[in-house]
Amino acid sequence: MSFTEKPRKSWIEENFSKRECVKFIPSSRDLHRCTPVCQVCQSLIRCCCGRLTGEHSWQESLPPASLHPGPGQDVEEDWSTELHTRASPTNAYGTVDFEDTATRVCRAKYVRVAVDSKPEVLLQLMLREWQMERPKLLLTVQGGSENFILPPKVNQAFSKGLITAALSTGAWILTDGINTGVSKYVGEAVKIFGGHDLRTRNTVGITPWGVIDNNTDLIGRDAFRPYQPLGNPLSKRACLNGFHSHFLLVDDGTLGKHGCQHGLRRKLEKHIQLQKIHPRLNQGVPVVCVVVEGGPAIVSTVLHYVSNVPPVPVFVFEGSGRAADLLAFLHKQTIDRQLDADIEEDFLIRIGDVFGIERAEATHLYTLLLQCIDHRQSITIFDSESEDQMPPDAAILTTALKGTKASAAEQLSMTLAWDRADIAQKEVLVYGQHWQVGSLEQAMLDALVMDRVSFVKLLIDNGMTMSRFLTVDRLEELYNTPQGQTHRFLHHLVEDAKQTSLPIGYHLSLIDMGLVIEYLIGGAYRSTYTRKHFRAAYSRMQEKEGRWGSSASLSKHRRGLMPTSASLQDLHFFRTAQPYKRKEQDESPERSQEITQSPSLGDASLLVSFNFNDLFVWAVLQQRQQMALFLWQHSEEALARATVACKLYRSMAVEARQSSMDDNITERFKTYSLEFGQLAVDMLDCAFRQNEQMAMKLLTSEMEAWSHFTCLQMAVSSCHRPFVSHSSTQTLLTDLWTGPLNMRKNSFWKIILSLLLPPAILVLEFKSKAEMCHVPQTHEAMLFGLDSVKSVSATEGTDQPQTDSQDAERGLSCHDKCFGPVSETVSSITVQCLSWITRLYDFYTAPVVKFWFHTMSYLAFLMLFSFVVLVKMGDQPSVQEWLVIVYILSTAMEKAREVLMSEPRKLRQKLKIWFSEYWNISDFIAILLFLAGLAMRWQADPYRTAGRITYCLDIIFWFVRVLDLLAVNQHAGPYLTMITKMTSNMFFIVVMMAIVLLSFGVSRKAILSPEEEPSWSLARDIVFQPYWMIYGEHVMMVNHVPQHPSLRHSSRQSICSSSISSWSTSSLHFLTTSTLIWLQRPTSCGSTIVIAT
C-alpha cells in the first residue's frame, strides 16, 4: 500500500460505516407446529431485517436458543435500525467494472454508507475523493421502479432533454441507480447522448445496499470489482445500472427492502441546494425534480417537493404513464376552475384502475393530487406531442430558473454559471426588465472571468459598452484571476520583464502588464500602460483612493479611470498614406495643450479610454483563444489585432520553450499563433481583391493604439512568412523599394548610368501621383513639394488661393495634381524647371538609388582601404588613408544618429534595440577596431606596426559587410541565409571538434617537446598545429626556431607580431571555406544540399 493511498482509505473508513443486524426478531408470529427445539423450522424463519438466522453475525451476542418468547418477554417488539443494528467501518468501496458493456468501458465509483450518514461528509466524498465537478444544477429523477415502456416520442424527449441539460450546465443527475424502471431509461440516455469521460457524466445512483443482486461481490477496500448487471430474472433483487458514474449504496441493516435511501437522498439534495453554484456567485445550486411515470409513492414525493420551503420545482413528462399522466391531467383541467362532479368521479375510477387500488385509497391519492395542484406554479407539464413546445432541455432549465423565485440578477448569474446564453436571452434579458445599478457590469465581469464567450456577446448586443465597463480595477482583477498554469506563466513573464522575483501572492498591475507586452513584442514598442502620464495617474489614484485597504474601493472601482475630454477617442489609422495636411491655423494652442498634457487627476481620471483592444490583449495573455477570437471581431483594426496576437503568441511560445515548460504548452501557443496569422492573411487577401491600393495602405498605416506600429512591421517582427509573401505585401515592398521610379526592365543599368551621367535622369519614367498614393511619403518629401509650389506662386505674384488637392485615387497625373492650380499663372519654363528639380529629388531619394549609390561608394571605400593596408605605411597618413578615415568617421556619426533618433526614449532601450541587429554589432566592432588602430598608427614603432596589423584585421569586418549588400539579391540572398543558419547550427560541432583537437594537441606537444619553457606560445602550438594537420598542412614550427636559448627568445619576439594575425585569419579562412565546401558537397543522388530558408 502506497503512502499516498493511506490517507484516502483511512478517511473513507473513518467517516463511513455499514449497518449489521445484531438481534433476531421474527418477521412472523405464526410459529411452526413442531416443538420449539426444531432447528430446521427455526432456520427457515426470517428476521425483520430480511435475513435468516444463519445469515446474522453473532460476534457480540449468542444466537437465540429458541424463537418462542419466554415468560415475561414482549412478543410485540418492533425492529428498528437504531436499536437492532450495529455500525462498523465500511468494507465496500472502490471501482466497479461493468462487464456486459462491450461498446465502451463503463466503470463507476462506489461506496457502502450507513443510512444515517451526514450529507456534508457525502458531498466531501464526491468532490474531493471522487473528484467530481462542483454541481451547477441538480436533476433528481423520480419515477417507477419497475420496468415500463415509454412511448418513442416521450423517450426521445426525456433522454435528449435530460442529458443535454446536464451536459450543457454541468449538472448532477440523481437516480435510484438500479437497472429497472426510470433509472434504466436514464442509463440508456447516458449511453446514447452522454460522454465517455467518467467526470463529465456525473450520474449518481443512490441505491439500497440490501436490494442489490450479488452485493457480496462488491465487498473490498479500495477494490476493483467486476460486476455483471444482468441478474437472475427469478430474483427479487435488482442489479446496478452500468451507465451510472457513481453509486452511494445505502445500508440500513436490511436485506431485500426498498425505501431506505429516500431519507438520505432528500438530505443530500437539501445540502447540495445550499452550496454556491460558482465560487464567484452567491446563488445556490437549483434543484429540479423530473417525474417520469411512477406509482402512488411518487404523488407523495411530488407533494413533499412542492410544499418545501423554498419549494423544489417539478418537471413532469406527460404521456410517460401512471402518476405523471394523472398529475398532467389534473394540472390542465384545474387551471381556472374545479373539476365537475362527473369528471371527478371518472378521475377517481381512473386512479383505481391505474394503480389497482380500492376506492378509499383512490380517494386519498386524489386528495394528495389536489394538494400538489395547490402549488401549480412549482409544477411544469411537458407535452412532447405538442408542436409549439420548446426543446426539452430548455424547458427543464427554464423550470429550474423560474422555480427559484430569484431576482433578475440572480437568474442571470444562474444562466451564466450554466453557460446557457439562449435561456438568458429568452427568459432574463427581456424588454421591461428592471436592473439594479452595476448588476450588468458585474455580470460582464463574471462572464469574462468564467470565459463565457456567448454571454459576453449577449451583453454587448444588449448595450454594454467597453468604454464604460472597463476600469483599472476591473482590468487588474481580470489579470489576477487564478487560473492555474496560465496564471503561473503570466507571473514568469512579469519576472522576466522586470528582471526580478515576485513574492508569493503578488498582485499584478497594469504597469506590469505593459512591461510584459513590451517584452513580448520587443523593438521600440511602447505600451499605453507604461507611458509617463499613465504611471503618474495610476500612482496618484492609488494614493488618493487607498485601493488595497479601503472598504469603499468597490464603489470607486465602478467609476474607474475614464477620460474627461470628449475629443479623446480611439484614433484608428492616425497616420496614413494620405497627402500631408498642415494643422488648421485657427486651432488654438490651449486646445492642443489640453490634448497633449496630462490631466489634473483631481477626479482620478486617465488620458486613456479602455476598449476592446485592452480586453483582446488580456484574452491573448490569458490564453483564452475563443474569447480572443470573439473580441478580435469587434471594433476596428482587425488586421492589426490579428498580427499583434500572432506576435504575442509566437513570443510566448519562445518563452515557454526557453523556460523548459511542457511541450504541449509551446505547441498550443504555436497553434494559436498560426490561427491568428491565417486570419491576417485571409483579411489581407480579401482586402486586396476588393481594393488593391487600400489594402496596401492598411499595411503601412501607423496604428495609434499599437504604439504607431504598422501591420507590416508587426508581421515582419513575428516572422509571419505567409503574410510577408502575400501579393499585396510584395507589391508594396516593390513600390517602396523603387520609389517614384517606373522601371520594370534593366533597372540595374539604368540606375548606374543615371548615377554616372546625371542628365540621363531626365529621360527616366516616373510614376504618377495616383500610382504613388498607397506609398507612405516622408515628411520632408511632402514639405518639399508644397514649398516648391508656394515659392513659384509667390515669384509670379499670383493671388489665387491654393485649393485642396483632389483624391489621388481618381487617377490624376503628377503634373495635373501638383501644378494644376498654378499652371494658369506661371510660365511654362518655370514649371518645366520645377518639374526637373522634382525629378532629380525623386530620383536621388528613391531607396533603390540610395542603395546603389551606397554600394558604389562602399566598394570605392573598400578599394581605398585595401590600398592603404597593402602599401607601406608612412609616418603621416596619405590622401587615400585620409579618405578612409573620413568615411569611417562619418559612418560612426551616422550610426550614432541612428541610435539617438530611434523610437525608444531611454538611451538604454535605444542601445538594446540597436545592438539586437547583427550588422550593427559588426559595424560597432569594426569602428572601434579602426579607431584603436588609428590611435596606435600615430605612435612610433612598435605601436605603429600594431596599428597597421589592427588595420589589417579591421578590413575583414568591412569586407564581410558586403554580404549585407548581397542579401537584397534574389539569387544570393537565400544562399546567405543558408550560410548564416548553417554557421549557427555548426557551433556545437565546432565545440566537439575543439575537444578532440585539444586532447590530441596537448598530448602531442607534451611528447614532442618535453623540455619546453613556460610561454604563451604553448597555447598557440597545441591548437594551431593540430588544426593544420586536419587539412594536411603538417608544419613543425619547432624546426624553424633557433636552438640557442638567447636566439630562440629574440626570434619568437620577432615572429609574434606577424604570426598571430596570420594564424588567426588563416584558421578562420579554413573553417569558413570548409563550411561552404560542405554545403555544396554532392548527395547520394547527385544533387546538392539545399537548406530551406
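Remember, predicted model here, so these are calculated numbers, not experimental data.

A look at the overall build of the chain
Alright, step 1. For the chain, the count of helices and strands is 46 helices and 14 strands.
Alright, step 2. At a minimum sequence separation of 6, the contacts of the chain that also span at least 24 residues come to 73%.
Alright, step 3. Carbon and sulfur atoms make up 57% of the accessible area of the chain, which totals about 57200 Å².

Some thoughts on the packing of aromatic side chains
Alright, step 1. Within this structure, the stated rule accounts for 34 aromatic pairs.
Alright, step 2. Centroid distance F851 to W852: 5.3 Å. Interplanar angle 70°. Geometry classified as edge-to-face.
Alright, step 3. Seen from their ring centres, F865 and F930 are 5.9 Å apart, and the 85° between their planes marks the pair as edge-to-face. Remark: F930 occurs in helix 40 (residues 918-937) and F865 occurs in helix 37 (residues 847-870); sequence separation between them is 65 residues.
Alright, step 4. Members of the aromatic cluster, connected to one another through ring pairs, are Y858, F861, F865, Y887, F930, Y951 and W958.
Alright, step 5. The ring of F616 is capped by R641, whose NZ or CZ atom sits 6.0 Å from the centre of that ring.
Alright, step 6. Here R937 stacks its cationic end above the ring of W938, 5.8 Å away from the centre of that ring.

Quick look at helix 43 (residues 972-985)
Alright, step 1. In this model helix 43 runs 20 Å from its N-terminal to its C-terminal C-alpha over 14 residues, within 8% of the 20 Å that 1.5 Å per residue would give.
Alright, step 2. Listed as buried for helix 43 are G973, L976, M978 and M982.

Comments concerning the sheet that holds strand 5 (residues 138-143)
Alright, step 1. The 10 strands lie next to each other as 8-3-4-9-7-6-5-12-13-14, forming an open sheet whose pairing is mixed. The sheet is open, and its two borders are formed by strand 8 (220-227) and strand 14 (379-383), each paired with just one other strand. Neighbouring strand axes in the sheet, compared pairwise and without regard to direction, differ in orientation by 25° on average.
Alright, step 2. Two elements, strand 13 (residues 314-318) and strand 14, share 5 bridges in a ladder whose sense is parallel. When the bridges of strand 14 are listed, E318 appears paired with D383.
Alright, step 3. Along the sheet face, helix 8 (residues 261-273) touches strand 4 (107-114), strand 5, strand 6 (172-175), strand 7 (203-208), strand 9 (246-251) and strand 12 (287-292) and points at about 155° away from the line of strand 5.
Alright, step 4. Of the strands in this sheet, strand 5, strand 12, strand 13 and strand 14 touch helix 13 (residues 392-403), which is tilted by about 150° from strand 13.

Quick look at the packing of helix 38 (residues 879-900) against helix 39 (residues 907-915)
Alright, step 1. Close contact between helix 38 and helix 39 brings their axes to 9 Å; oriented N to C, the two are set at 120°. One element, helix 38, and the other, helix 39, form an angle in the oblique class. Seen from helix 38, the contacting residues are K895, E898, V899 and L900; seen from helix 39, they are L907, K910, L911 and W914.
Alright, step 2. For the contact of helix 38 with helix 39, a count of residues per class yields 5 nonpolar, no polar and 3 charged.

A word on the side chain of T140
Alright, step 1. Structurally, T140 can be placed in strand 5.
Alright, step 2. Its relative accessible area of 0% is what places T140 among the buried residues.

Side note on the environment of F924
Alright, step 1. Locating F924 in the fold gives a position in helix 40.
Alright, step 2. Here F924 is in contact with W914 and F915, once residues within four sequence places are set aside.

Re the confidence of the model for the chain
Alright, step 1. Here the chain averages 78 in pLDDT, while 77% of its residues score no lower than 70.
Alright, step 2. Per-residue pLDDT, averaged within each element of the chain, yields its smallest value for helix 24 (residues 589-596) (38) and its largest for strand 12 (96).
Alright, step 3. Low pLDDT, under 50, characterises residues 1080-1093; the predicted model gives this stretch 20 contacts beyond four residues in sequence or across chains.

Some words on unusual backbone geometry
Alright, step 1. Geometrically, the link from V309 to P310 is a cis peptide bond, its omega value of -5° lying close to zero.
Alright, step 2. P942 follows D941 through a cis peptide bond whose omega is 5°.
Alright, step 3. When you line up the elements, P942 lands in the loop between helix 40 and helix 41 (943-960).
Alright, step 4. Positioned with a positive phi, E293 is a non-glycine residue whose angle comes to about 55°.
Alright, step 5. Considering the arrangement of structural elements, one finds E293 in the loop between strand 12 and helix 9 (296-306).
Alright, step 6. For E293, a relative accessible area of 7% gives the class buried.

Here we look at the packing of helix 16 (residues 439-449) against helix 17 (residues 453-461)
Alright, step 1. Taken N-terminus to C-terminus, the directions of helix 16 and helix 17 make an angle of 150°; their axes are 8 Å apart at the nearest point. Here helix 17 runs roughly antiparallel to helix 16, going by the angle between their axes. Where helix 16 crosses over helix 17, the two elements pack in a sense that is left-handed. Contacts between helix 16 and helix 17 pair L440, A443, M444, A447 and L448 from the former with F455, V456, L459 and I460 from the latter.
Alright, step 2. Across the contact of helix 16 with helix 17, the residue classes break down as 9 nonpolar, no polar and no charged.

The rules behind the values
- Residues numbered from 1 in each chain as written.
- Predicted model: local features only at pLDDT ≥ 70, side-chain atom pairs only at ≥ 80, totals over all residues.
- Heavy atoms only, no water.
- Helix = DSSP H or I, 4+ residues; strand = E, 2+ residues; numbered from the N terminus.
- Contact = heavy atoms within 4.5 Å.
- Areas by Shrake-Rupley, 256 points an atom, 1.4 Å probe, with all protein chains shown as cover.
- Phe/Tyr/Trp six-rings, centres within 6.5 Å; stacked < 30°, edge-to-face > 60°.
- Lys NZ or Arg CZ within 6 Å of the ring centre and 35° of its normal.
- Expected span 1.5 Å × (residues − 1).
- Buried < 20%, exposed > 50% of the residue type's maximum accessible area, 1.4 Å probe, protein only.
- Pairing = 2+ DSSP bridges.
- Axes fitted to C-alpha atoms, helices over the stretch in contact; angles between N-to-C directions.
- Parallel < 35°, antiparallel > 145°, perpendicular 65-115°, else oblique.
- Nonpolar A, V, L, I, M, F, W, Y, C, P; charged D, E, K, R; others polar.
- pLDDT = per-residue confidence, 0-100.
- Left-handed = near helix turned anticlockwise from the far one by under 90°.

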